[in-house]
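Coordinate analysis (summary)
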Amino acid sequence: MKSKYEVAPTIEHYTCVIDMLGRAGQLNEAYELALTMPIEANPVVWRAFLAACRLHKHSVLAEVASNCVFELEPEHCGSYVLMSNVYGAIGPYEEVLEVKHSMKQQNVRKTPGCRWIDLENGVHIFVLVE
């Protein structure tokens, strides 16, 4: 990219490539890129990789990614939710409970889901709280 377009790749570029590789099922390649890129991987990189692991139900790499993101950003609820969804998709519900328990220990709260629907007689707001 630098030699052809004279643009130095940023963390956002690397995150996009890791996301694309992960979505395409090339989890090992995405993981290798996260480890070897010249910029230190940030929580967004690891969450993108974790989301790909959830998509492909790869619990081993998901645990690696979650450990990295929990170390860098332990207060972000999205990482816990992603990891909980990985475990929920592959079966060990005890692991889901452990992730939720870890959230409580860290005092991390999930942001409530919210939907706005505009109907003829006004806007209606629906909020889902666990």
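Nothing here was measured: the structure is a model prediction, and the numbers come from that model.

The rules behind these values
- Counting starts from 1 at the beginning of each chain's written sequence and moves along it residue by residue.
- Given that the model is predicted, a residue must reach a pLDDT of at least 70 before its local features are reported, and side-chain atom pairs must reach 80 or more before they are shown or counted; all residues, however, enter totals for whole chains, interfaces and linings.
- Excluded from the side-chain calculation are hydrogens and water; included are all heavy atoms of the structure.
- Residues belong to a common nonpolar core when they are buried Ala, Val, Leu, Ile, Met, Phe, Trp, Tyr or Cys residues joined through side-chain atoms within 4.5 Å.
- Between buried and exposed lies partly exposed: a residue is buried under 20% and exposed over 50% of the maximum accessible area for its type, with that area taken using a 1.4 Å probe on protein chains only.
- Here a strand is any run of E in DSSP of at least two residues, a helix any run of H or I of at least four, and the numbering for each starts at the N terminus.
- What makes two residues a contact is simply this: any of their non-hydrogen atoms within 4.5 Å.
- Helix axes are fitted to C-alpha atoms over the stretch in contact, other axes to C-alpha atoms as well, and angles between N-to-C directions run from 0 to 180 degrees.
- Orientation labels follow simple angle bins: below 35 degrees gives roughly parallel, above 145 gives roughly antiparallel, 65 to 115 gives roughly perpendicular, and whatever is left gives oblique.
- Here a crossing is called left-handed whenever its near helix is offset anticlockwise from the far helix by less than a right angle, and right-handed whenever the offset is clockwise.
- Note on disulfides: each one is a pair of cysteine sulfur atoms within 2.5 Å.
- For a helix, the expected span equals 1.5 Å multiplied by the residue count minus one.
- It is the directions from the helix axis to the C-beta atoms that the arc portrays.

Below, the discussion takes up the nonpolar core. If you look at the biggest cluster of nonpolar residues, it comprises 31 residues, and the most contacted ones within it are Ile 18, Met 37, Val 45, Trp 46, Phe 49 and Met 83. Broken down by secondary-structure element, the contributors of at least two residues to this core are helix H2 (11-23), helix H3 (27-36), helix H4 (43-55), helix H5 (59-72), helix H6 (77-90) and helix H7 (93-105). Residues contacting Val 45, with those up to four places away along its chain left out, are Ile 11, Thr 15, Ile 18, Ala 34 and Met 37.

As for its placement among the helices and strands, Ser 84 is situated in helix H6. The class for Ser 84 is buried, based on a relative accessible area of 11%. Beyond its immediate sequence surroundings of up to four residues, Ser 84 is in contact with Val 96, Val 99 and Lys 100.

Relative to each other, H5 and H6 sit at 165°, their axes nearing to 10 Å. Between H5 and H6, the interaxial angle falls into the category roughly antiparallel. By crossing handedness, the relation of H5 to H6 is classed as left-handed. Across the interface between the two elements, Ser 59, Ala 62, Glu 63, Ser 66, Val 69 and Phe 70 from H5 touch Ser 79, Tyr 80, Met 83, Val 86, Tyr 87 and Ile 90 from H6.

The next point concerns the state of the cysteines. Tallied over the full model, the rule gives zero disulfides. As a non-bridged cysteine, Cys 16 has Cys 53 as the owner of its nearest cysteine sulfur, 17 Å distant. Its relative accessible area of 47% is what places Cys 16 among the partly exposed residues. For Cys 68, which is in no disulfide, the shortest distance to another cysteine sulfur is to Cys 53 and amounts to 11 Å.

Helix length check: H2, at 13 residues, gives a terminal C-alpha distance of 18 Å against a target of 18 Å (1.5 Å per residue), a fit within 8%. Every buried residue of H2 is listed here: Ile 11, Tyr 14, Thr 15, Ile 18 and Gly 22. Buried residues in H2, looked at end-on, bunch into an arc of 100°, giving them a common side. Projecting away from the buried face of H2 at angles above 90 degrees are the exposed residues Glu 12, Met 20 and Arg 23. Looking at the buried residues of H2, the elements they touch are H3 and H4. Of the residues one or two after H2, Gly 25 is the one with positive phi, at around 90°.

The values reported here are purely geometric and, on their own, carry no functional implication.
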